Amino acid sequence: MPKTAFQRVFPYLLVLPTFVFVALFTLYPVTRTVTDSLYKPARRAADPSVFVFLENYADLFDSTHYLGARFVQILGNTFAFTLATVVFSVPLAFLFALLLNRQLRGTGFLRFAIFYPALLPLIGAASIWAFFYSDTIGLFNTILRGFGLTGVNWLGDPNVVLYAIVLLNIWKQSSYCMIFYLAGLQNIPRDIYEAAQLDGAGWFYQLRYMTVPLLRRTTLFVVLITVTYSFQTVEQLQVLNQGNPADRGNLLLYFIFQSIGERRNWGYVNAMTVVLVLLLLAFTLTNFLLFERRDDDKA
Amino acid sequence: MLQRSLRMLCLLLVASLLAVTPFVQAQAQVVVDFYYPTAVDGPITQTIQEYATKFEAMHPNIKINPVYTGSYTQTRDTIRTELAAQDVIVDVAVMLATDLTSFVEEETIVPAQQFIDRMENGEAFVANFFEAFLANCRDEEGTIWSVPFQRSTPILYYNADLFRAEGVEVPRNVNELIEVAQKLHTPERAGLLMPVAGGFPIWLYQSFAAGFGQPLIEADPAKVYFNSDASLAAVEFLTKLGMPTSEGGFGVGPMGGSVWGDTPTAFTSGQAAMIYHTTGSLTNILRNATFEVGVAFLPSGLPNENGEGYAAPTGGGNLYIFAATEPEVQEAAWLWVEFLASDEVQSDWGARTGYVAATRGAWEIDPLKTLVEEKPQYLVARNQLAHAYKEFDSYRSIDVQLIINNALSSIISGNVPLSQAKATLDAAQAQIDSLLAEYR
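What you see is a predicted model; the values in this text were computed from it and never measured. (Residues numbered from 1 in each chain as written. Chains lettered and ligands numbered in written order. Predicted model: local features only at pLDDT ≥ 70, side-chain atom pairs only at ≥ 80, totals over all residues. Heavy atoms only, no water.)

Caption draft 1: Just the interface of chain A and chain B, in detail. The interface of chain A with chain B comprises 28 residues on the first partner and 35 residues on the second. When the buried surface of chain A facing chain B is broken down by residue, Arg-43, Tyr-66 and Glu-262 of chain A rank first, second and third, together holding 23% of it. The interface formed by chain A and chain B holds 4 salt bridges in total. Where Glu-106 of chain B meets Arg-263 of chain A, a salt bridge forms, and the shortest distance between an N and an O atom there is 2.8 Å. Residue composition of the side of chain A that touches chain B, grouped by class: 8 nonpolar, 11 polar and 9 charged. (Contact = heavy atoms within 4.5 Å. Buried area = accessible area lost by both parts, 1.4 Å probe. Salt bridge = Lys/Arg side-chain N within 4 Å of Asp/Glu carboxyl O. Nonpolar A, V, L, I, M, F, W, Y, C, P; charged D, E, K, R; others polar.)

See the structure below:
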């Protein structure tokens, strides 16, 4: 039976409200960001911006330019920060989940203790860590000095600051990722382990050849969100060090935020945003192509 | 029965509406949207609301709508966003004194001068402000664009009990400062904490550059002196404070300086003999210290006692009126600005917050007058204003400050060795010059 006009239009009508919101709050800003990244704002606010094509991008990678001199270093920091977070927090999250998945006495308390960092708002958590790291009155240095050691200038020493920020991120992120692993573990049917035990598979064998492969999709997801979150780190920098000292503790999105204050930087701000989005997009696509495809092949 | 009471109710409703209407019309109020940030502790929003209520009682046809907008940066970014969208809500705002040049050049604010010129006592109104604060209100031609509201300046805080016990005098110049700091420095107690580790070492650095003979900026907002000899000496001095004596430093505090927010706490808990900090912390420090707190001028840069080489920047926020506002609202906004800058409000605001009251008259009346009699420490900051410099403000001020802060931070933190300090300053100066070239 041929569809009536209404029947043909109806699905689009259903999608329309969502589409309007996506267009308004996602598509339009994205387009504006890309086009604005090709302009330089004029000296007077009322004058039209000047079209410069890719000059803003070229400046960002020019080490004599006032923003370019900082951009490449900060981009490097962001990669190091993200890599360290993933390398440490994902395995930690997995171990925590294994620990909590066992039916032991006190598991409830342990679960709360390990999940606690994920529940804390990041700004609050960072404020607590700001106290840990404080040079004069901080917890860490008070303990170190108690043992007769010299304190470490956690947030002031250019060679230490990035580690200090990564540590906080690992603490927070491993707790958050643990929840996904725990959910994943509890979804694996008990009977396949029982079957494996009957076949004489040991604990490590079960872990290596059953648990890890079965949680592959969880791992993919967890790595994806950890990379995305780490790339977009802002809050803790605002509380802890504002990117100091000397940009050794600065990250990309925070740098973008720092540069917004000056109207005439808006071309650069948009260009940096495009770089950030492209990097994340490239990462997500690679992941998708590498892992999702393989699943399809098998199926 | 029910119908009757309903009818009655309707009648009452109509009657009350009729009664209210002429009242509303007679009010025909001008609404002034006032944005303000805060950088000190205390019930600031409550205080501002109190001022607004008091002002509205004096001017029944004006309604002040105070909007708390977070930090200075957030306030400026909010306003910039409104300007960019050409949908300006703000009529008058407190912004950093150093935002002046950017906003003048963008033509987004109106000069306070146009209102002052029409005042009967305009000259007296201007003369009532401390000159040091007005320095950041004027452009190159001397036109006043903004009015001082919540202003501050850094001062030297010292532990007076400790000084007495150890028999040391308050340092008057940087040589004495190091001498005293080294004498009072122990593993548990820093001799001197210099809060230059945080986001804006530029503020305190300015006092040293000026004290050593060359301010970072003079009257021309297109010319910055960042790689001068005085500037290099200032950076070296700040770096050496935290360097151990074995490496040629003074060894009187942590390497890289202390963190802004931690410094008063370290001082009041006895972990520092002296600190540099803003007058804005005075109220808090006096409240928390268990010892007698001494307050003094920032020691002079040159080793003499004649008041030469004393140099302190000013800081804090001014009142700005926006160009996009309708003329009659601008007039109302100006009345509000005049009210906030009055001796009465300045005296009250200074006593409540620790900001340095910006008018001379404010110090002659209560509550500030009584407070100063009880706690003479408050007077030191005011007297230091005689030696205060214009706070750094240039074209492209935000970017230039970021360049300077970054260069300072890399040297002071030890990321770049002192031997490369000059080269770092030169590179930063080149970046600044390239930014400012179009303004010369």
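Caption draft 2: Structural context of the domain arrangement of chain B. All names here are of chain B. Taken domain by domain, chain B consists of domain 1 (27-152 + 315-389) and domain 2 (154-313 + 395-439). Across the domain 1 to domain 2 interface the summed buried area is about 2,200 Å²; carbon plus sulfur atoms make up 59%. Counting the contacts that link domain 1 with domain 2 gives 6 residue pairs in polar contact (both at pLDDT 80 or more). In terms of residues, the side of domain 1 that touches domain 2 owes the most to one element, helix H17 (residues 377-384), which gives 6 residues. For the side of domain 1 that touches domain 2, the residue count by class is 7 nonpolar, 11 polar and 6 charged. (Domains from an automatic or database assignment. Polar contact = N/O pair within 3.5 Å; in protein donor to acceptor, adjacent residues only side chain to side chain. Helix = DSSP H or I, 4+ residues; strand = E, 2+ residues; numbered from the N terminus.)

Caption draft 3: Representation of the nonpolar core within the structure. Core analysis: the largest hydrophobic core is formed by 99 residues, its most contacted members being Leu-192, Tyr-205, Val-224, Phe-226 and Ile-404 of chain B. Counting residues in hydrophobic clusters, the runner-up holds 74 residues, among them Ile-64, Ile-321, Ala-332 and Leu-371 of chain B. (Core = buried A, V, L, I, M, F, W, Y, C linked by side-chain atoms within 4.5 Å. Buried < 20%, exposed > 50% of the residue type's maximum accessible area, 1.4 Å probe, protein only.)

Caption draft 4: Inspection of the pattern of salt bridges at higher detail. All names here are of chain A. Applying the stated criterion across every chain yields a total of 21 salt bridges over all chains. Here Arg-70 and Asp-247 are joined by a salt bridge, their closest N and O atoms 2.6 Å apart. Placement of the pair is Arg-70 in helix H3 (residues 68-100) and Asp-247 in the loop between helix H11 (235-240) and helix H12 (252-259), with a sequence separation of 177 residues. By relative accessible area, Arg-70 is classed as buried at 7%. Assessed through its relative accessible area of 3%, Asp-247 is described here as buried.

Caption draft 5: Inspection of the packing of helix H2 (residues 44-58) of chain B against helix H15 (residues 343-353) of chain B at higher detail. Residues and elements named next belong to chain B. Two numbers describe how H2 lies on H15: the axes approach to 12 Å, and their chain directions differ by 165 degrees. Taken together, H2 and H15 sit at an angle that is classed as roughly antiparallel. Classified by chirality, the crossing of H15 by H2 is right-handed. Of H15, the residues touching H2 (which contributes Ile-44, Thr-47, Ile-48, Glu-50 and Tyr-51) are Val-345, Asp-348, Trp-349, Arg-352 and Thr-353. Each residue belonging to the contact of H2 with H15 can be placed in one class, and the counts come to 5 nonpolar, 2 polar and 3 charged. (Axes fitted to C-alpha atoms, helices over the stretch in contact; angles between N-to-C directions. Parallel < 35°, antiparallel > 145°, perpendicular 65-115°, else oblique. Left-handed = near helix turned anticlockwise from the far one by under 90°.)

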